[in-house]
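Structure assessment
Given next are the chains, with one letter for each unit.
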Protein chains: 2
Amino acid sequence: MEPENSTVDVIVVGAGLSGLVSARRLVQAGITSLRVLEARDRVGGRTKLHRLGNGRYVEEGGQLVGPEYKRLIALGEELGVSTWPHNERGKAVFERRGRVIKFSGSMPWTADPLGSADFARSLLRLDRLGKRYRGDEALGTPEAAELDALTFASWVNRSTKSATARTLWAIIATLTLGGTPGDLSLLFVLRHLRAIGGVETLLASLSGGDERSFTGGSAELSLRMAAELGDRVVLDSPTLAIRQYDDHVEVDTPGRTHHARRVVVAMSPSDRAAISVDPQLPLPQRTMGERMSMLHAYKVHVVYPEPFWRRQGLSGATMSDSAPLMLTFDDTPPGEKQGVLVGFARGDGGRSVDLPDPMPTDPVRRREAVLAGLARAFGEEALHPDEYHEMNWTEERWTTGCVPTWPPGLLTTSGPGYAEPAGRLHFAGSETSPRWAGSLEGAVIAGERAAAEVAALATAEAAGVPASR
Amino acid sequence: MEPENSTVDVIVVGAGLSGLVSARRLVQAGITSLRVLEARDRVGGRTKLHRLGNGRYVEEGGQLVGPEYKRLIALGEELGVSTWPHNERGKAVFERRGRVIKFSGSMPWTADPLGSADFARSLLRLDRLGKRYRGDEALGTPEAAELDALTFASWVNRSTKSATARTLWAIIATLTLGGTPGDLSLLFVLRHLRAIGGVETLLASLSGGDERSFTGGSAELSLRMAAELGDRVVLDSPTLAIRQYDDHVEVDTPGRTHHARRVVVAMSPSDRAAISVDPQLPLPQRTMGERMSMLHAYKVHVVYPEPFWRRQGLSGATMSDSAPLMLTFDDTPPGEKQGVLVGFARGDGGRSVDLPDPMPTDPVRRREAVLAGLARAFGEEALHPDEYHEMNWTEERWTTGCVPTWPPGLLTTSGPGYAEPAGRLHFAGSETSPRWAGSLEGAVIAGERAAAEVAALATAEAAGVPASR
């Protein structure tokens, strides 16, 4: 293909889902002189398959395919990767202050009618408030600034009376919005709700029941795209520095400088902040790198001889303010003999109102605490798994965390400009998508958008139209 | 001195005030095998002198010596750098929604009695609330988590009724606490107040009147310390990577690897985030780098033939919600013929409730807007300066901003552990000081503390006590 020192048309920094989507769409658009630089020894970024001792696999990273994930579903179909539905039959379990409640439907109505009613009322209020957010053109208004100056926690405190409602919001925020209510801008929450279509869509993603998983894991998408791209993908090549000139860009990896006409940076802004960029990025893009952090969390899989909770009429879905796993659901593929529970736990080391303490630091105590929590929900059988596997994304060398956390003030200072090109640099990565930022769908949306930007410029240049920097 | 490739006892990364204090105290403690690595072509970090065309100088960075700055004052005396007091005679000017009010004392009582009373009432409430913060041992409590989940803006909204009070809080927060009320954790504000001794200390630093400046500029401290340290200080050497081993540390600068027994990283956590550190830092230190951002702001000097505002009975102090310079004061050294005003403006590009819009991006319009604001306060004479000089710290290659912004959630996740050593790495830099973080005093406190840590370990090692990693 390209000689090693030639200038390629495009370098894509990052072979995660978003970067590979970008690269593949560019090749499809005829831009074949392209290189994808990846820091790790594998592609897939925050999607990753892990093989257990017994030959079966679990997904350590981004996994779920929501029914609203139109671009992701289309990509899966293009690449011939099928999906399977999660089990949603049976009752869910809600644990609050050590009390375990089993319930049907989406909320623990029967067990805690007052708390549930309180939560439902606040749900409607949030949906109404969400309608006040009139899209990104509203970001420069005083009203937006006022909402961006508050945390979601201050809204939750005002809008709920019961501890149950606050616990539910704390768990929902952490797992679907990327932070505890106290970490998040209220404006970000409203913008997110509007972008995805309301509170109901948000809640549907919690049980896993409405969602599907890719057969062979979501990482399979990246593996197939990388196979198509062939030796354009270069592993073990962390980007250390990017220097932009009038007519080209230089990208340093250890021991080598790459040259390209344009660069697509396909990373989270938080990870990107570790790359030296000359000249400095425009303020909105810089501010994203400086202020957006990534959620520190664990994803835990526990494999049992069979999905024994189903015998008890339970779905495997739990929410807890006391167990390290704040939320679990059934991750057993259809037709499997073994039963798999997947759960999520905080890994940020801090205390938080209405949420359990983060995982113990000692690995033995951590496993004990996780299994004890499952035993409270599902009985003694939960104490004896075949396999136990943890993934702590915070410990990954090239990842600051799993999904983005938008603190107060970030949206109104970065505005919608944070995903705009900066000269010859374009930005992909799930976090740069206005919809479903941080999810697989956001990764595909952002990757396709960045590829479209670059392809349009290349076409214009080929037609002799002077490229604007 | 040391041969180039030898292992030194200590490398200090960063020749700002804090790093140089560390290095100097280490040499004083007998640790003379030491190297200070600095990215820029000068020492002093966020303190910097700028010479104007007419031969006089202005300070582009950290400047004020508060009466509470005990360690800074002691350092100045040691180094033989004297100080001069700012002018505080005359009335101050308060501009709100284009209306200009002149007032004596600390608040615009006479001009806006209701707003001033409202502000004073909220001041007392904040002082009372501040007493609830019981020191850093309280960081793990549910009460701390609750306060850390709220922004200072949510407290201001609750505690004030008038627009005047909210404007005053917005300006005070931005200029003395490192962010708009919406950017800041309420817990951080309370912790800061407790650490410095209450709201009154905070307010005293606003007019410049209670404070002094170093003769020759605060950068003079760094220049004198660097002269003492001699060729131990190596300029133009940005640290790209730090690798820690059991018995030594490697520090990469372009084209060279340095070896040391211990390293003091003397940078803001936000700037440090651009350095690749292996193995990864512990969670509290990482979280600081990921979530703490630095205020984006301008410091502007305007030099006039004489301090003409004094003729009008004015002190030069202004606060404005309409001028790009939110706050100004008289920066004329005693005995100078020319008059100098210094002012501060937002440079974050965002909108904010109760604060003026940030500076225009066009430099000509920026200057016009600044001078027009001064003319509203001081009359037409303000339109015709001898010199006009801006410093935008956000544009400096090696600085993400001027003072730290603590968002909600950071204190309770990073806790007091963020300044603790990580193996052979120690942390200086003003931001790691529990008192006066972000100021010159914080830089000295942190630098001395880090030096004491390292010196104690070196003494223990010399005495044959096995060093704990």
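Residues numbered from 1 in each chain as written. Chains lettered and ligands numbered in written order. Predicted model: local features only at pLDDT ≥ 70, side-chain atom pairs only at ≥ 80, totals over all residues. Heavy atoms only, no water.

Going by this rule: UniProt positions are given in the numbering used here, feature names are shortened, and annotations may be inferred rather than shown by experiment.
Chain A has the name Amine oxidase domain-containing protein in an unreviewed UniProt entry, where Streptomyces vietnamensis is given as its organism. Of the comments in the UniProt record for chain A, the one headed Cofactor (unreviewed entry) reads "FAD". Its UniProt record gives chain A the following Sequence similarities (unreviewed entry) comment, quoted word for word: "Belongs to the flavin monoamine oxidase family."

1. A closer look at unusual backbone geometry
Residues and elements named next belong to chain A. In plain terms, the rule: Going along the chain from the N terminus, every DSSP run of H or I of four or more residues is numbered as a helix, and every run of E of two or more is numbered as a strand.
Cis geometry is adopted by the peptide bond preceding P279, which originates at D278 and carries an omega value of -15°. One can find P279 in the loop between β14 (276-278) and α11 (283-291). You will see that D354, though not glycine, has its phi angle at about 70°, which is positive. Checked against the element boundaries, D354 lands in the loop between β19 (339-346) and α12 (363-378).

2. Notes on the UniProt feature "binding site: FAD" (unreviewed entry) in chain A
Residue and element names in this part refer to chain A. Applied cut-off: Throughout, a residue-residue contact means that at least one pair of heavy atoms, one from each residue, lies within 4.5 Å. Think of a polar contact as two N or O atoms within 3.5 Å of one another; within protein, one of them needs to be a possible hydrogen donor and the other a possible acceptor, and neighboring residues in sequence only count if both atoms come from side chains.
Taking the UniProt record as the reference, the feature "binding site: FAD" (unreviewed entry) is found at S18, E38, A39 and E431. Here S18 is to be found in helix α1 (residues 17-28). The contacts of S18, once residues within four sequence positions are left out, are A266, A428, G429, S430, A443, A446 and G447. Among the secondary structure elements, E431 is positioned in the loop between β22 (425-428) and α14 (440-462). In terms of polar contacts, E431 uses its side chain to reach the side chain of R46, at 3.0 Å.

3. Comments concerning the interface of chain A and chain B
Defined as follows: Here the quantity called buried area is the total loss of accessible area, with a 1.4 Å probe, experienced by two parts when brought into contact, counted for both. A pairing counts as a salt bridge when a side-chain nitrogen of Lys or Arg comes within 4 Å of a carboxyl oxygen of Asp or Glu. Here the term charged refers only to Asp, Glu, Lys and Arg, the term nonpolar to Ala, Val, Leu, Ile, Met, Phe, Trp, Tyr, Cys and Pro, and the term polar to all other amino acids, Gly among them.
Taken together, the contacts link 44 residues of chain A with 44 residues of chain B. When residues of chain A are sorted by the area they lose upon contact with chain B, E290, R351 and R397 of chain A head the list and together hold 16% of the total. Run the count over chain A and chain B and you get four salt bridges. A salt bridge links R397 of chain B to D278 of chain A, with the nearest nitrogen and oxygen atoms 2.7 Å apart. If you look at where chain A meets chain B, you find 17 residue pairs in polar contact (both at pLDDT 80 or more). Only α4 (142-148), α5 (152-159), β14, α11 and α13 (410-414) of chain A provide two or more residues apiece to the side of chain A that touches chain B. For the side of chain A that touches chain B, the element with the most residues is α11 of chain A, which contributes five residues. Residue classes in the side of chain A that touches chain B are distributed as 11 nonpolar, 21 polar and 12 charged.

4. Side note on the domain arrangement of chain A
All names here are of chain A. Worth spelling out the cut-off: All domain edges in this entry derive from an automatic or database-based domain assignment.
Domain assignment breaks chain A into domain 1 (5-46 + 217-292 + 404-462), domain 2 (64-88 + 210-216 + 296-395) and domain 3 (107-207). Here the C-alpha centroids of domain 1 and domain 2 sit 30 Å apart. Contact with domain 1, which involves 23 residues of that partner, is made by 16 residues of domain 2. In total, about 1600 Å² of surface goes out of reach between domain 1 and domain 2, with carbon and sulfur atoms giving 62% of it.

5. Side note on the side chain of S116 of chain A
Within the secondary structure, S116 of chain A is located in helix α3 (residues 113-130). Non-local contacts of S116 of chain A, meaning those with residues more than four positions away in its chain, are made with P108 and W109 of chain A.

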